[in-house]
Each structure stands twice: as C-alpha cells, then as structure tokens.
Amino acid sequence: LMQSIRTKVSDKASTTAQAIEIIQNIENAIFEGKNGPEGGEKLKQLFGSILDDEMFAKSICLRGACDSLWMMKSVYPISLKILAKLAEYQSCAEFVLVAVESFEDVHTLIEGDDDSVMPDSSRGSGLHMVTRLLLNEKLTETHTAMFEAKFKYGEGRSNVYEKCLQMCICALKSKSETVRRCGVDCTIRVVAESKERAKFFVDNNGLNALLSMIAQFSTPSKETKEQENVDKKFKETMQQVSIILGRVLPSLKDDELIKKYALSFTIPTLKSTDIWEQKKGCAALISIFMSNKELGMALIEDNNNALLNLLVGLATSAPAKTQALVCEIFANIGNTESGRGLLNGGDAKTVLQVLVQSDTPEVRSGAAVALAKMNAVDFKAESNEGAIVLHSVMGLLKKGSTQEERSRGVEAVSFVITDTDVKMSLCTGAEGMAVLSEMVNMITSDKDTAKSPYAYGLAYCFENLTMSEDDKKREKLREMEVSQEQWEQFEKLTKSGQGRKGKPDPPENVETRIKAFVQADGAAALRALVLEGGSSRVLESVARTYCNMAGVQEVRAQMFAQGAARALIHLATKGASANSLEDDSSKSRRDKEQQHKVDEKTKRFASHALGKMFITTDPRVIGHNQIMDSIAPMVRQVRHSTEDLVIFECCMALTNLATLNHETKRKIITCQGVTAFEYASYSDETLVRRAAVEAMCNLVPEPEMVEWFKAKQHMRVWLLYAGAYEDDVQTSSAATGALAGVCHDPEVAQCLKDQEEGTGIPTLVVLLMSGISPIIHRVAVCLMGLLEGFGENGKDVLLSNGIRKGIDAVLNSNSPIDPPAKQAVEALNNQLK
C-alpha cells in the first residue's frame, strides 16, 4: 500500500512538473515572438486536466502558474478560462487573486464588443473569475484591501460588489450572446438577496440593460429560417430577464419600491409610439409575470387597470408580433381568478374573440389560449362562447399546424379538458379524432416531445380523457382519507360546491373515450413519454392514465401490443423519479419526502395497471421477460398497499401468472410472495381474502409452500378458511384445493393431525358432508393424500376421526353430486376397506 502511495505521489509530482514546464515554454515563446497555435492546444489540455482535480490545480498554483497565465491572456485567451476554473477552487483562489494585476482589464474586455479580438467565451470567463473571487467569503475577509485596490478605476474606491455589478451590467448590454449569458449568471450570484446590491443594480441602469437584452432580438429578420431562430432566442432572452428580475426585485424587500421599479421597467416602452419599443415593453411585462405572477397582477390592477387598458389598445392596433405578446400577457392574467374577472369584465374579451380569427398563427394561438383560460372555471362547450373557444383550440391542433400552434393548443386544451363535452368531442367524430391523433402523433413522431415544456400538458389531457370528474374526486378523497359522505356533509355545512355540478360523465362515456384513445395509439404515446425521458410530473400522470385505461377489459390486449407493459414495469420499479438526473443530496428533507410520496403513488398506479392487465390476459401470449419483470412490483403492492382494490387485483393477476409454469411460481416465491399473500389473507374484505388464498393455492406444491403448511399456526388459520364454506364457498374451495396438494407430505399430515381437538381432520370430515361438489372432490383427494402421508397408520387415524361418517353421507346422499367428486369419494372408500 505504501509503495502504491509513493508511486502515485511521484506520478503527481511528475505531472505537475510537466505542466509547469509547458507553461514556462509557452511564456518563453511569447517573449521571443514565436507563439503559435500549438501553445493554445497545450493550454486546452491543461484546462481539461484541472476540471476535476483540485489537488493538481493547487500544485501548479504553488509553482507560479497563475502569474504566467495572467500574463499570456491577451495571446492565449483560454488562459482566462483556466484562471476562472482555478478561482472556483478554495485552495487556488488566493493565488488567482494575487496574480490578477487589475480587474480593470477584465472590465475593458467585456466592454470591447466591436474591437476585441478575444473570443466571447474567454471574455465571459473573465467575469466568472472576478465573481467567483468576490463571492469567496473567506478570501474577501482576509484580503479586503487587495480587492479594493484591484477594483480601483480612476480616483476613489467604491464598494467592490458595486464595481462587480457594474461589470455585470456591462456584460448584459453586450452584443455577444455568450457574454450576456455570463452576465445573467454573475448578476444572479452577486445580488444574492442583498437589498443594497439589488438597489444599486436598478439605480445604475440595470433595468435598462435588461431592456437592451430584449432589444437584441426584437427586430425582424428577412430570412424565414433566420426569423425562427430569432424568435427562439427572443423567448430564451425573456426567460433570462425573468430569472434576473426574480432575484433582484424580491431582494429590494419593499413592495412599493418593487412596484415602482417594475412600472418604470414597462410603462415607458408600452406608451411609446415606436413599434419596436412597444414590443420590448410587452416582453418586459411577460418577464415580470414569469418571475412573479403576483407582481404582474399588481401592475395590471394598479391605477384603475390603466395598464390593462393600454394593452387592449395595443392588441387592437399594434403589429402582429406585438399582438401575439399581448395575447400572452392576457393568458398570464387569466391564470388567476381576479385576472379572469378583469378580462371577462372589459374589452379584452371582445378583442380576443377577434384576434382568435387572425391570419397570423402566433396571434391566433395566443388568443385561443387566453380565451380558454378566461373560461376555464365555468367552461360550457355548448354555449356560443364555448363553441368559439373549442373551435379555435381544435384549429391549433389540426394536421399541418406549426410547432408553436401545437404547443399553444395543448396548453389551451389542458385548461378546458375537465369539461365532459370537450372530452367527448375529442374522442368522437372525424374532427375530434383528428385532433386526438395529432396530439398522440406529437409524441410518437418526435422523441424530444417527452422532454418538452408541453409534455405535462399532453399527459394531463390524456389523464383527464380516461377518467371522469367523479373518479378524480374519489381519488382525491382517498388521498385525504375522507369518505364521500363526510365530504358531502362538509359541503352542506359550508355551503360550498353549490351550483358547481357539471354535466354527468357516466362510465360508458369514459369507456368510449378510452377505446378511442387506444385506437389512436395512445398507449404507445404514453410509452414514449416514459422511455424518452419524461419528467416526474409527466410520469405520475402517465401511470394514472395507464391505470384508468386498464380498467377497460377490451383494450388490454392492445395495450400490451403498443408496449404498455415495458413502460409500466419501468414506472412500477423506479417510480416518478425514474428519469431524474437531479442529485438527491442537493434536495431538502421536505423535497425528498414529497418526491418519495410521488414515487410511491406512481408505483402504485403502475403496478395496479399491470395487475388489471394480467387478470384477464392469457400469459402464454405475453413475452417471458415482461411477465418475470412484472411480478416483483405486484407482490410489493400486495404487501404494502393500503387499498383493497389494488391488493385484490394484484393477487388475481399473480394467481393467473402462477398457472403459467414452474418458473413463474419460483419468481413469485423469491419475491416474498408467500408472506405477502399470507398478510393479505387476513383482510376483512372477502374478495381480498379469497384472492390471496387462491394465489397461495396456485403456488402448491412448491417446497416453500409445503414448508409453510408445516407450521401449526398456519394450518389452524388455513382450516378456518376451508371450514367457512357456508359464508364463502370459493375461498373454502381454494383452501381445500391447496390442502389436497400438500397433505401427502408426512410432516404436513402430522401437523394437520396435531391441531386442537375438534379441528384438523374432523374439519375435513365436516367439509366432506358439505354437499358442495368442488369441495367434496378436493377433500377426498386431501384425505387420500393423508393416507399416503401417515403411512401404515393412515387408515386407523382417519377412521378414528369419523371419516366413515363423511363417506357414507356422500355415497348415500339424495342431493346431486358431480360424478368426479363422487368417484373421488368412492376411491377413498376403497382405500379404507
């Protein structure tokens, strides 16, 4: 071990020496005027070496690498990237700070948009370097004077954070997208919930810098393809601006001050007569809504809705691009109850009804979404207004629609999908089925849809299509552990829910929709959402949808054919976080608990869906791997689920699979199926108890099952199940069937004999006299097995327990007994003679 350590230390020292030699050679070449591209390549290799190796990074810093790298930054810009990375390491930050002669050089690089020969990435790296050094609390405490000296621009010294923010604001104004991105990241880090820094940012043209970011992509392009790229960048920029606003404005910690700055950020540009300024103002307001919807609504409601009236005017007269942005603002307003009231009570509704017929796709789709949100609470598809909204929304999802229209269409549908008429219109008629097929096709034809922003909207729509509002309500009440009667009493006492009853949605409607969804390859679309990287929310919704679909027996075979089993196994095994790349260690305890609940719910829905599908499906037509992988999740639900229906249907499915072959029996047993079924057999629900007993019966004569019957307490409980034929014939029949398969074992036979007086073999005698043919048949086989298990004393044991009385009762009975049962009793009688 020591030798290995010495070797590693020696190798590390050798690597460090080589790195320093490379840096020195590059430095010498610069002095001699012989610098070439090979120097940059070597520095790239050095950058790769320090990415995940702080020890190596520190070792080269100790040998003066930072001074050399700073010196050669103008010749080899990648030096700044290396220094920025070194500044990230606590052990290296001090060396970087000492090596930097002045931060003014970095500021100059950021300002030099037009004449700088330095690559944009390296200019941004300079800002990252400064920010990382500044946010190193240990370093700023011990080297305050050095920071102030290096931030000195001209005369006087200011707060070093303010100087850094000036650099950030400068970066936000840059023409380089890369530099702007660095500016966004560094601004967010430096502000860091500090009221003083946030106020400095807004007081020193920070908001103007954000507007300049928006202005970069507010003007149109001549080329269509280039315009699509500009539109995409425009939306990304609004998101970046919203992120900064979401950090800066709350840090001010003064509601009136926040509103004042937010109004100054939007009103002047919206009131401008310049169309590009108006567009910029709309984008600014959208960014505010994206960062804080409450603040956005406060601005809209301020000064007697003056801003809303201004927006209505823009929607009427502005160019199409601005109209589309106004529609998006209206859609944001429609997300709140008060906002819907404002829109429905003014001219906005009339304007939107006109815009929804616009020739411009962006305007048309934006207006449709806004109208759908305005009518989301009390949507009535049969009304004139509802018909307009529904027609507009469906128009967005027709074949040939643009990507933007489809995504907006999904958003709009998700707001009205709870209406029964909307659900039925999507699943009946040529137009509705075409829309549903297009929604499915959005997923199956593009694997990236699963990771898109509207993936959850699609999953939510499919979930609602496959269930009624009553089903959702019952599910919610189960989660709240409240009965239907208790909820109705609560509504009566609080007078809530009056007048809110929607149109009836009977089970036959739900079944029709599920069949239509499966016919449109819906199960395959859900599979793609799971296997192509859908988010946690998407996977939870998909699992619930599959469970809804599996409730219709006629579609189960199609679900298997469309690959539902593989997706369900994935969900039942890993839960909703199956596709998550987030590190759990970074989550809070509360977030972890919440994610665990979502995971368990997803596993329950998925396992339940598998159970429903396997109950009626012939396992011989299903793939071997799918069957074997489905067993463990269902056994887990039998043991841990608190819902009787889930336990019952999973037991039934496992009972079916156990009939396939020896291998499936072994898999059920190795997954602790015997223990799970035993636990379920104690249920108060007759159907659950029966299903568990039947499942155990189908595991006979596996060795573990035979061993289970050798325990006296197990045999006592089993005889209770068998003897309760007057209350539950099917459970009694299954229990006696299991005994028939194990009583030939000497130890099981002895365990049966050793039961308390009046039970054991006497119970079998009573069952023989039950008059029920299936039970009589099984008991006769069981008794013949006991003859084998007891050996030479078998006849004496049975006769001493009154077996002759039971046999005579069957053979002399006047009641009809099936021939197989009677023949079995006659065979038993012959063996006893």
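Keep in mind that this is a model prediction, so the values were computed, not measured.

A. Expanded view of helix α38 (residues 662–670). Residues Thr-664, Lys-665, Ile-668 and Ile-669 constitute the buried set of α38. Seen along its axis, α38 keeps its buried residues to an arc of 140°; they face one direction. You can read the cap of α38 off the contacts: a side-chain oxygen lies 3.1 Å from the backbone nitrogen of Glu-663, and it is on Asn-661. At the C-terminal side of α38, Gln-672 shows a positive phi close to 65°.

B. Highlighting the nonpolar core. Ranked by internal contacts, the top residues of the largest apolar core, which has 276 residues, are Leu-86, Met-129, Phe-330, Tyr-546 and Phe-709. Those residues within four positions of Met-129 in sequence are excluded, and the remaining contacts are Trp-70, Leu-80, Leu-83, Ala-84, Ala-87, Val-96, Val-100 and Val-106.

C. Representation of the environment of Asn-136 in the model. Tracing the chain through its elements places Asn-136 in the loop between α8 (120–134) and α9 (137–142). Between the C-alpha atom of Asn-136 and that of Glu-88, which follows or precedes it by 48 residues, the distance is 8.7 Å. Apart from the residues within four sequence positions on either side, Asn-136 is in contact with Gln-90 and Ala-93.

D. Broad picture of the pattern of salt bridges. A full pass over the atoms with the stated rule returns 32 salt bridges. With a closest N to O distance of 3.3 Å, Glu-328 and Arg-408 form a salt bridge. Of the two residues, Glu-328 is situated in helix α19 (residues 320–333) and Arg-408 in helix α24 (residues 403–416); the sequence distance between them amounts to 80 residues. Relative accessible area serves as the criterion here: at 23%, Glu-328 is assigned to the partly exposed category. Of the residues examined, Arg-408 reaches a relative accessible area of 11% and is grouped as buried. Three or more residues are tied together by salt bridges with common partners; here these are Glu-177, Arg-181, Lys-233 and Glu-236.

E. Expanded view of the packing of helix α32 (residues 536–550) against helix α34 (residues 564–574). Relative to each other, α32 and α34 sit at 130°, their axes nearing to 11 Å. The orientation of α32 relative to α34 falls into the category oblique. Both α32 and α34 take part in a crossing whose hand is left-handed. Of the residues in α34, those touching α32 at Leu-539, Val-542, Ala-543 and Tyr-546 are Ala-564, Ala-567, Leu-568 and Leu-571. Here the contact of α32 with α34 is composed, by residue class, of eight nonpolar, no polar and no charged.

F. Representation of the packing of aromatic side chains. Summed over all chains, the structure comprises eight aromatic pairs. Ring centres of Phe-560 and Phe-614 lie 5.3 Å apart, and the angle between their planes is 65°; this geometry places the pair in the edge-to-face category. Separated by 54 residues along the polypeptide, Phe-560 in helix α33 (residues 556–561) and Phe-614 in helix α35 (residues 589–616) bring together distant segments of the chain. Taken individually, Phe-560 and Phe-614 each receive the classification buried, so the pair is uniform in this respect. Through a chain of ring-to-ring contacts, the aromatic side chains of Trp-708, Phe-709, Trp-718 and Tyr-721 assemble into a single cluster.

G. Summary view of unusual backbone geometry. A cis geometry characterises the amide bond from Val-700 onward to Pro-701, with omega recorded as 10°. Tracing the backbone through its elements, the reader meets Pro-701 in the loop between α40 (686–699) and α41 (703–708). The backbone of Asn-205 shows a phi angle near 65°, a positive value even though the residue is not glycine. Within the element layout of this structure, Asn-205 appears in the loop between α13 (195–203) and α14 (206–215). In this structure Asn-205 comes out as partly exposed when scored by relative accessible area, which is 42%.

What counts, and at which threshold
Residues numbered from 1 in each chain as written. Predicted model: local features only at pLDDT ≥ 70, side-chain atom pairs only at ≥ 80, totals over all residues. Heavy atoms only, no water. Buried < 20%, exposed > 50% of the residue type's maximum accessible area, 1.4 Å probe, protein only. Helix = DSSP H or I, 4+ residues; strand = E, 2+ residues; numbered from the N terminus. Arc of directions from axis to C-beta. Polar contact = N/O pair within 3.5 Å; in protein donor to acceptor, adjacent residues only side chain to side chain. Core = buried A, V, L, I, M, F, W, Y, C linked by side-chain atoms within 4.5 Å. Contact = heavy atoms within 4.5 Å. Salt bridge = Lys/Arg side-chain N within 4 Å of Asp/Glu carboxyl O. Axes fitted to C-alpha atoms, helices over the stretch in contact; angles between N-to-C directions. Parallel < 35°, antiparallel > 145°, perpendicular 65-115°, else oblique. Left-handed = near helix turned anticlockwise from the far one by under 90°. Nonpolar A, V, L, I, M, F, W, Y, C, P; charged D, E, K, R; others polar. Phe/Tyr/Trp six-rings, centres within 6.5 Å; stacked < 30°, edge-to-face > 60°.

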